[in-house]
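# An overview of the molecular structure
Letter by letter, the chains look like this.
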Amino acid sequence: MFIIFDPIITPRDDGDKDPLGQMATDEFLKRYWSDPAYAGPRHELVPKMRQDAEGEAVCGTGRSSLAIDPYGNIYPCVQWRRKVANIEELTSLSGIWRTSPVLVEVRQTAVDMADKLREMHVKGQSGGFCNFCLGVADLQTGDPLSYYAQAAKNAEYRMQAYEAWKEKTGETLEEDGGILSKCGM
């Protein structure tokens, strides 16, 4: 068993943003991404860049799984509460999986965000180091494609830590498969 620490604090499912008051400080985030003592909880010695190919999605929302709430409402992701259908009204879950206009749009939005992060990286911005959640963006800003503050801060500190490591060692990790993971839940 191991522990994974996620520095992103999310609003409550009902949109209440009070939990955001518990966000990590900038000082902690900078240390978390650069101090080797945190490599275990991060599961990476050095923050790595994203390696999304063109047309690849930023996450698994509506691609790898679905979320169902206690009322039978189906969502593309546990974090992105955009109703796809209700389980009690379905004749076929596989039919919804293949034909839902909501899932088609959500899947395209995930590709659009990966493209946006890649473009930011090409411009020398921190998008290449961003672990991005469309659901958190939507909850915090009302727009799933909005580069929300927590994602931006974490990406910036990840990029700084990587650049410092690269300068110190003369090595790069671009060929090493990119960031640790994409949300597949």
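The present account deals with the structure reproduced in this document. Since the model is a prediction, treat every value here as computed from it, not as a measurement. Residue indices begin from 1 for each chain and proceed along its sequence in written order. Only residues with pLDDT of at least 70 are given local features in this predicted model, and only at 80 or more are side-chain atom pairs given and counted; all residues enter the totals for whole chains, interfaces and linings. Think of the side-chain values as coming from all heavy atoms in the structure, minus any hydrogens and water.

## Section: the pattern of salt bridges
Applicable threshold: Salt bridges are counted wherever a side-chain nitrogen of Lys or Arg sits within 4 Å of a carboxyl oxygen of Asp or Glu. Secondary structure follows DSSP: runs of H or I at least 4 residues long count as helices, runs of E at least 2 residues long count as strands, and numbering of each begins at the N terminus. Exposure is judged per residue with a 1.4 Å probe applied to protein chains only, and the accessible area is read against the type maximum: over 50% gives exposed, under 20% gives buried, and values in between give partly exposed.
Using the criterion set out here, one finds 8 salt bridges in the structure. Put simply, aspartate 13 and arginine 81 hold a salt bridge, and the shortest N to O gap is 3.1 Å. Note that aspartate 13 is positioned in the segment before helix H1 (26-34) and arginine 81 in the loop between strand S2 (73-75) and strand S3 (85-86), a separation of 68 residues in sequence. You can call aspartate 13 partly exposed: its relative accessible area is 49%. Judged by relative accessible area, which is 34%, arginine 81 ranks as partly exposed. Between arginine 118 and aspartate 115 there is a salt bridge, with the nearest N and O atoms lying 2.3 Å from each other. Within this pair, arginine 118 and its partner aspartate 115 are both found in helix H4 (residues 101-122), separated by 3 residues, close to a single helical turn. A relative accessible area of 25% places arginine 118 in the partly exposed class.

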